[in-house]
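Topology and contacts: notes
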Amino acid sequence: MSVTPTPEQIAIIESTRPITMIEAVAGAGKTTVLACVLKRACEKGIASSQAIALCFSQGAKERLAQKCAEEGAPRGIVIQTVEEFARQQVLNMASASYLDMPVFYDSSEQIRPHIVAAAEAVWQRYADAGVRTDFDFSFDSNERVEDLIRLLVRLKAGLVTLEFEARDTDEIAGSLDESPEIIAICQEIERQRGADTGECAWQSPFDHATDLIALFRRQPEAVEVLPRFRICVVDEWHDVNAAEFALVQLLARHARLVVVGDRDQIINAERGADPALSSNGFDFAFPGAIRQAITRTFRFGSSVSTLAATMMRRDCVSQPGLSTKVTHLSYQPGPENDCAAGVIATITAARERKVVKLSDFAIVVRDADQSIEIENQLIDAGMPYRCSGFDSYLVRPEILMLRGLLHIATGSYATLVGDKPTCEKLVRSLGLYASARFDSDVDFASLLAFDERLSPELKNERRWQEALRMITAEPATLESFFSGILCRVSSVDSASTGRWKIRFAGVVETLRTMARTDTVVQLLTTAARQLDLVSATSRVFVSRGRADSATRSIDAFIRFAGNRPDQSAFDFLAELATRQASISKKLNYLKGRAQLDLTTVQYAKGKEWPQVLIPYLERGQFPRTANLGEERRLLYVAMTRAMTALTLFEPAGQPSSLLVRA
């Protein structure tokens, strides 16, 4: 090893136990240890081709391959993501005639037509049965498609889709806190795909493992086609989901199994990561397993390790010589919230005291909607930054929709001239909220010569492309496009969608009248109230979590406008354009250098920075849910990214309920 191994690491590397779970703290060098385990196993007689290492992301796979090379592990060890391994086994099963060869899809665009077809089938079923619903069954926007795909990933990862035939739709929806309509669409997708019969016509990357487990349940003898290894190691075990867990179980029938993870980094719920699979679920599946710990971190000093150990009730110590300063700063919560200002002041002070690069800093927020005030403060301070893992608030669909309404209400389009990317996103965002879909070739005369073989979805997309071309060339045409097409009730609209479009158009007329005399905050407040943007956003975004985040972004955006109580909508639009141009100019100039990172906990996982700042540690912001166990894991991941300095921002007089102090 590049550093002298600790006694804990040596014990793991030399162990020959058949099933081992390594429980490591953040920054403990667990990937290096796995590489050494593989090297030692090969030194003891296992051929490299009989060793396999599995990871849950391409980045983790590359890091493990790099560590194997650095530690001198022999070439020939199979290093794959679980997805790659599962896909290869699907090919093997098809070759062995256990299933027909499916078509493999690698993008959401390939899956989109199946989602649209399933949604239309469910809508028709509801209509035929006389079931009234306000659910929006259109899936023309990328956002709605991606939301549905994320839900499908979660259902498949948890093997819930294998229960579709046996369980009631409402029961599944209730257990997952999702709408019955969206679960019905997921069930229809699986039915049309042929998953219920085992004859899957197509597979996406998140189908491979689940479909394999379904096959093995139907035909247990197919398991014998799986390759046999003598040792199997799995990195980042805390990211494992139920489908992957079941697949690893089958590999462990003939192989020594060594997995490593950090149970307190189980935060990847979107891909089905489940704490039980690292605790009692693992012990139940592997009754003879032993657990070995790596309690020493090589990333941060004792101040962070002591805080982590106390908060998570576990052993965590730092390598001697490491030092990390932990600072608790207070801010005023409520309407006068000055947390963002405190964050920027802290960065400014740190840079004044010593030479520190902006790229040394990461501001880690719980969710993307918390970035708005911080972004504005960074822009005002002239600090270059990049949003890592999410878009700047200025170009999020929910904010672009509001910006679009202001443009139409004021008749001011000057700031859109020459800004093709923003103009395109803004039009798409308005269409997203208007549930817009073109229903005839009359919409654009230049598109009458369609190839009749094109699918309705592709025709619709072609019309969108023509609309974008026209509006980006002449932004003022947005006004007629909005009233004549986006808000026109079409033959493909449901009754509820038709009513919504009429309401949408009516609110814009109200805003037009107000724009002559009222301030921007009055316009935005009126739009939010009359459109009932909470309900509207819930219709737009399939995921309730995404809808909640978008609603909070809208609230924060209106508060931002409220800080300019006398500003007109014209001036506000000009200011937003200036702010956006400022960000783009700095990004283009710096090209990724000398910028601080503004990121979320989810995206920060697996990374590290010298200086980490965590804002908004108040109830309702962080934590946001009643599940304090999950909230503490999120905070643990965030604060263990710090190397030399960690700054925690807590509301004045209200110490964070997550930070359990000794």
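Predicted model, so just to flag it, every value in this text is computed and none were measured.

Quick look at helix 1 (residues 7-14)
Within helix 1 the residues assigned to the buried category are Gln9, Ile12 and Ile13. Seen from one end, helix 1 has its buried residues packed into an arc of 95°, which puts them on one side. As for helix 1, its buried residues are in contact with strand 1 (19-24), helix 2 (30-43), strand 7 (256-261) and strand 8 (290-294).

As for the packing of aromatic side chains
Across all of its chains, the model carries 14 aromatic pairs by this definition. Ring geometry for tyrosine 331 and tyrosine 616: centres 6.4 Å apart, planes at 85°, overall edge-to-face. Placement of tyrosine 331 in strand 11 (residues 325-331) and of tyrosine 616 in the loop between strand 15 (609-614) and helix 25 (628-639) is noted, with a sequence separation of 285 residues between them. Taking the relative accessible area as the measure of exposure, tyrosine 331 reaches 3% and is therefore buried. Geometrically, the ring pair formed by phenylalanine 557 and phenylalanine 572 is tilted, given 5.6 Å between the ring centres and 55° between the ring planes. Residue phenylalanine 557 is located in helix 22 (residues 544-562), and its partner phenylalanine 572 is located in helix 23 (residues 569-590); the two are separated by 15 residues in the primary sequence. For phenylalanine 557, a relative accessible area of 0% corresponds to the buried category. Put simply, the rings of Trp237, Phe245, Phe282 and Phe286 touch in pairs and so form one group of aromatic residues. Its guanidinium or amino end placed over the ring of tryptophan 202, arginine 193 lies 5.7 Å from that ring's centre, counting from NZ or CZ.

Structural notes on the sheet that holds strand 15
Strand order across the open sheet formed by six strands is 11-16-15-12-14-13, with parallel pairing between neighbours. This sheet does not close on itself; its edge strands, each paired only once, are strand 11 and strand 13 (385-388). For this sheet, the mean inter-axis angle between neighbouring strands, taken without regard to orientation, is 20°. As judged from the four bridges shared by strand 12 (residues 361-365) and strand 14 (residues 596-600), these two strands associate in the parallel manner. Looking at the pairing, valine 365 lines up with threonine 600 of strand 14. Here helix 12 (residues 302-312) sits on the sheet and contacts strand 11 and strand 16 (642-651); the angle it forms with strand 11, its principal contact strand, is near 65°.

Some words on the pattern of salt bridges
All told, the structure shown has 39 salt bridges when counted by the stated rule. Between arginine 228 and glutamate 224 there is a salt bridge, with the nearest N and O atoms lying 3.0 Å from each other. Taking relative accessible area as the criterion, arginine 228 reaches 46% and is therefore assigned partly exposed. Exposure remark for glutamate 224: the relative accessible area of 46% places this residue in the partly exposed category. Glutamate 466 is the salt-bridge partner of arginine 469, the closest N and O atoms lying 2.9 Å from each other. Residue arginine 469 and its partner glutamate 466 are both found in helix 17 (residues 456-473); the two are separated by three residues, about one turn of the helix. Since its relative accessible area comes to 12%, glutamate 466 is described here as buried. Sharing partners across several salt bridges, the network here consists of Arg366, Asp367, Asp369, Arg552, Arg624 and Glu631.

Considerations on the domain arrangement of the chain
For the chain, the assigned domains are domain 1 (5-95 + 218-294), domain 2 (101-210), domain 3 (300-383 + 592-649) and domain 4 (392-577). Taking the shortest distance from any N to any O, the salt bridge between aspartate 369 and arginine 552 comes out at 3.4 Å. Partitioning the side of domain 3 that touches domain 4 into residue classes produces two nonpolar, two polar and five charged.

Notes on the pairing of strand 7
Summarising burial for strand 7: six of the six residues are buried, a large majority. Burial along strand 7 is two-sided: Arg256, Val258 and Val260 and Leu257, Val259 and Gly261, pointing in opposite directions, are all buried. Pairing between strand 1 and strand 7: five bridges, direction parallel. Looking at the pairing, threonine 20 lines up with valine 258 of strand 7. Judged from the four bridges that link them, strand 6 (residues 231-234) and strand 7 form a sheet pairing that is parallel. Across the sheet, isoleucine 231 pairs through a bridge with arginine 256, a residue of strand 7. Following the backbone out of strand 6, through helix 10 (residues 242-251) and into the adjacent parallel strand 7, one traces a crossover that is right-handed.

Concerning helix 9 (residues 208-218)
Within helix 9, nine of the 11 residues are buried, leaving the element largely enclosed by the surrounding structure. Listed as buried for helix 9 are His208, Ala209, Thr210, Asp211, Leu212, Ile213, Ala214, Leu215 and Phe216. On its buried face, helix 9 sits against helix 4 (82-95), strand 4 (103-104), helix 6 (142-157), helix 8 (180-193), strand 5 (202-203) and helix 10.

Thresholds, definitions, all that
- Residues numbered from 1 in each chain as written.
- Predicted model: local features only at pLDDT ≥ 70, side-chain atom pairs only at ≥ 80, totals over all residues.
- Heavy atoms only, no water.
- Buried < 20%, exposed > 50% of the residue type's maximum accessible area, 1.4 Å probe, protein only.
- Helix = DSSP H or I, 4+ residues; strand = E, 2+ residues; numbered from the N terminus.
- Arc of directions from axis to C-beta.
- Contact = heavy atoms within 4.5 Å.
- Phe/Tyr/Trp six-rings, centres within 6.5 Å; stacked < 30°, edge-to-face > 60°.
- Lys NZ or Arg CZ within 6 Å of the ring centre and 35° of its normal.
- Pairing = 2+ DSSP bridges.
- Axes fitted to C-alpha atoms, helices over the stretch in contact; angles between N-to-C directions.
- Salt bridge = Lys/Arg side-chain N within 4 Å of Asp/Glu carboxyl O.
- Domains from an automatic or database assignment.
- Nonpolar A, V, L, I, M, F, W, Y, C, P; charged D, E, K, R; others polar.
- Right-handed = clockwise from strand over helix to strand, strands pointing away.

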